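Each chain is listed here by its residues.
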Amino acid sequence: MSGVQMITVSEDDAGQRIDRWLRRLFPHVNQGRIEKMCRKGELRLDGGRVKASSRVEAGQTVRVPPLGASDLKPAAAPTYRISEADAKMIRNCVIYKDDAVIVLNKPAGLAVQGGSGTTKHVDGLSAALQFDADEKPRLVHRLDKDTSGVLVLARTRLAAQSLTAAFRHRATRKIYWALVAGVPTPYLGEIKCGLVKAPGHGKSGEGEKMIAIHTNEVDSTPGAKRSHTQYATLFRVASRASWVAMEPITGRTHQLRAHMAEIGHPIAGDGKYGGSSQENLGDGWGAQLGGIISKKLHLHCRRMAFEHPVTRKQLSITAPLPDHMKDSWETFGWSEDLAAEDPFESLQ
């Protein structure tokens, strides 16, 4: 068929969702059109049908249907000019490095990948993290822009394949720390519900958020997925706020933020799920604690444990708190060494 293109996935693009891969090559093709291509079987990977969320791997061939005269040629791969200041900043984020893996303590406010209006992100800065390797490191999982903490990158193609599979099959453990409004009870518990994406507005879907539904409604709700989080209330300040550890058993979009808001204890600074202007008065509503507490999101990936892709030994990485959370901890008289690194160990 005239206009059909067969494009081979490069090593740099391995592990990406096929919809994001396609939009980077053809910026004018919107998400709705990509999903329609998938439903009709027009977009194919190595000859097989795909979903928008399917992942591409290096060497695979993607069949792209006719896209119209203006979109026939893929856009040139984006190039990023990295300033000396940005290179120094991202290198200062490194908390672990060997021949196969590099781990960052990602700052809050730095996106992992580019998007609408996002010009600075980890993916674009990754060339500054190449060091003595033959290629720049690859992303193998994601963190929200405003979430800080442990972010793992692979330094080789084989390490990327191994780590991507580990994250996809939940063969990793992640422990997050958060400051939440009010005091969750019971102190040690779990949250199970369905999550479904509510549409946003604008061509890029601004304002999209996840809505919690009862688990009984998941099978009958299009797009809904089951979600599961364990949490432990570590310390509290009267009924005003709590230091909470969370372990996501599933890995849904905005899962921890949506779950804590659903039980009435939104994460401090979370305007999307907790109310951007409502101050919390100790009743579990409103994400702003007021006073000198920062209005930034207080969510941090504190610890991650996974099997090393080469040595096959268990690797556990811990990331110090970002400055705005350190300040809040000091305000409440807390220090990082007060909490066990794994409050869920007895539950494993």
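Residue positions are counted from 1 within each chain, in the order its sequence is given. Predicted model: local features are reported for residues with pLDDT of at least 70 only, side-chain atom pairs are reported and counted for 80 or more only, and whole-chain, interface and lining totals are derived from all residues. Just so you know, side-chain values use all the structure's heavy atoms and leave hydrogens and water out.

Asker: How do you make sense of the overall build of the protein when you look at a structure like this?
Answerer: On a plain count of helices and strands, the protein comes out with eight helices and 15 strands. To sort residues, take the accessible area from a 1.4 Å probe on protein chains only and compare it with the maximum for the residue type: under 20% means buried, over 50% means exposed, and anything in between is partly exposed. For the protein, the proportion of its 348 residues judged to be buried stands at 47%. Note on definitions: a residue-residue contact is assigned when non-hydrogen atoms from the two residues lie within 4.5 Å. Across the protein, contacts joining residues at least 24 apart in sequence account for 64% of those joining residues at least 6 apart. Residue-level accessible areas treat just the shown protein chains as cover; the underlying method is Shrake-Rupley with a 1.4 Å probe. About 17,300 Å² of surface is accessible on the protein, with carbon and sulfur atoms providing 48% of the total. Labels follow the DSSP assignment, with helices taken as runs of H or I lasting at least four residues and strands as runs of E lasting at least two, numbered in each case from the N terminus.

Asker: Just to check I follow, could you spell out unusual backbone geometry for this structure?
Answerer: Glycine aside, residues mostly have negative phi angles, and peptide bonds mostly take the trans form. The linkage connecting Thr185 with the following residue, Pro186, adopts the cis geometry, with an omega of 0°. Position of Pro186 relative to the elements: it lies in the loop between β9 (173-181) and β10 (188-198). The residue Ala238 is not glycine, and still its phi comes out positive at about 50°. Here Ala238 lies in the loop between β12 (225-237) and β13 (241-248). Overall, Ala238 belongs to the exposed group, its relative accessible area being 60%. Of note in this structure, His254 is not a glycine but carries a positive phi near 55°.

Asker: Looking at this structure, I do not really get the packing of helix α1 (residues 18-25) against helix α2 (residues 31-40). What am I missing?
Answerer: Helix-helix packing: each pair is described by the crossing angle between the helix axes and the interaxial distance. One can describe the packing of α1 onto α2 by two numbers: an axis separation of 10 Å at closest approach and a directional angle of 125°. Accordingly, the angle class assigned to the pair α1 and α2 is oblique. In this structure, the crossing between α1 and α2 has a hand that is right-handed. Contacts between α1 and α2 involve Asp19, Leu22 and Arg23 from the first element and Gln31, Ile34 and Met37 from the second. Residues are grouped as follows: Ala, Val, Leu, Ile, Met, Phe, Trp, Tyr, Cys and Pro are nonpolar; Asp, Glu, Lys and Arg are charged; all remaining types, including Gly, are polar. The class makeup of the residues in the contact of α1 with α2 is three nonpolar, one polar and two charged. For helices, the axis comes from a line fit to the C-alpha atoms of the stretch in contact; other axes are also lines fit to C-alpha atoms, and the angle between any two N-to-C directions lies between 0 and 180 degrees. Angles are sorted into four bins: roughly parallel if under 35 degrees, roughly antiparallel if over 145, roughly perpendicular if 65 to 115, and oblique for all others. Handedness of a helix crossing follows the sense of rotation of the near helix relative to the far helix, less than a right angle counterclockwise being left-handed and clockwise being right-handed.

Asker: Help me understand the nonpolar core, please; the structure alone is not making it clear to me.
Answerer: Burial of nonpolar side chains together is a common tendency in soluble globular proteins. Judged by nonpolar contacts, the single largest core of 44 residues is most densely connected at Val152 and Met246. No other element matches strand β8 (residues 148-154), which puts five residues into this core. Domain start and end points were adopted from an automatic or database domain assignment. Looking at which domains feed residues into this core, each of domain 2 (84-168) and domain 3 (175-347) gives three or more. If we ignore the near neighbours within four places in the chain, the residues touching Met246 are Lys174, Ile175, Tyr176, Ala178, Thr229, Gln230, Tyr231, Leu256, Met260, Ile267, Leu299 and Phe344. Membership of the second largest hydrophobic core comes to 18 residues, among which are Val9, Leu25, Phe26 and Met37. Only buried residues count toward a nonpolar core. Its members are Ala, Val, Leu, Ile, Met, Phe, Trp, Tyr and Cys residues joined through side-chain atoms within 4.5 Å.

Asker: I keep staring at helix α8 (residues 323-331) and nothing clicks. Help me out?
Answerer: The α-helix advances 3.6 residues per turn, and as a result positions three or four apart in sequence lie on the same side. Within α8, the full set of buried residues consists of His324, Met325, Ser328 and Trp329. Taken around the axis of α8, the buried residues stretch over an arc of 140°, which confines them to a single face. In this structure, α8 carries Asp323 and Glu330 as exposed residues pointing more than 90 degrees from its buried face. Those residues of α8 that are buried are in contact with β9, β13 and β14 (299-307). For this quantity, the arc is that covered by the directions from the helix axis to the C-beta atoms.

Asker: When you look at the sheet that holds strand β2 (residues 44-45) in this model, what are you seeing that I'm missing?
Answerer: Sheets are built from strands that pair by backbone hydrogen bonding, the pairs being arranged parallel or antiparallel. Within the open sheet, the four strands sit side by side as β1-β4-β2-β3. Their pairing is antiparallel. The two strands at the open ends of the sheet, each matched to only one other strand, are β1 (5-8) and β3 (48-49). The rule for pairing is simple: two strands pair if DSSP sees at least two bridges between them. Here two bridges tie β2 to strand β4 (residues 61-64), and the two strands are oriented antiparallel to one another. Residue pairing for β4: Leu45 is matched across the bridge by Val62.

Asker: Hey, could you run me through the pairing of β10 in this one?
Answerer: Along any regular strand the residues' side chains alternate between the sheet's two faces. Bridge count between β10 and β12: eight bridges; the pairing is antiparallel. Looking at the pairing, Leu188 lines up with Ala232 of β12.

Asker: Any chance you could explain the UniProt feature "active site" (unreviewed entry) in the protein here in plain terms?
Answerer: UniProt positions are given in the numbering used here, feature names are shortened, and annotations may be inferred rather than shown by experiment. The sites that UniProt annotates as "active site" (unreviewed entry) are Asp144. Relative to the helices and strands, Asp144 resides in the loop between β7 (138-139) and β8. In contact with Asp144, other than residues within four places in its own chain, are Lys106, His254 and Arg257.

Asker: Would you mind going over α2 with me for this structure?
Answerer: Listed in full, the buried residues belonging to α2 are Ile34, Met37 and Cys38. Down the axis of α2, the smallest arc covering the buried residues is 100°, so these residues share one side. Exposed residues lying more than 90 degrees from the buried face of α2 are Arg39 and Lys40. For α2, the secondary structure elements touched by its buried residues are α1 and β3. Nitrogen and oxygen atoms within 3.5 Å of one another constitute a polar contact, given that in protein one can donate a hydrogen and the other can accept it, and given that sequence-neighbouring residues count only through two side-chain atoms. The N-terminus of α2 is capped by Asn30, whose side-chain oxygen sits 3.3 Å from the backbone nitrogen of Gly32. One or two positions beyond α2, positive phi appears at Gly41, with a value near 75°.

Asker: I keep staring at the environment of Lys51 and nothing clicks. Help me out?
Answerer: Residue position: Lys51 is located in the loop between β3 and β4. Between the C-alpha atoms of Lys51 and Arg39, which are 12 residues apart in sequence, the distance is 7.6 Å. When sequence neighbours within four positions are dropped, the list of residues in contact with Lys51 reads Ile18 and Cys38.

Asker: Help me understand the pattern of salt bridges, please; the structure alone is not making it clear to me.
Answerer: Side-chain pairing between opposite charges can occur once the charged atoms of the two side chains come close. Here a salt bridge means any side-chain nitrogen of Lys or Arg lying within 4 Å of a carboxyl oxygen belonging to Asp or Glu. Summed over the entire model, instances satisfying the criterion amount to 15 salt bridges. A salt bridge links Glu42 to Lys40, with the nearest nitrogen and oxygen atoms 3.5 Å apart. A residue is classified by how much of its surface remains accessible, and Glu42, at 28% relative accessible area, is partly exposed. Connected through shared salt-bridge partners, Arg173, Glu247, Arg303 and Asp342 make up one network.

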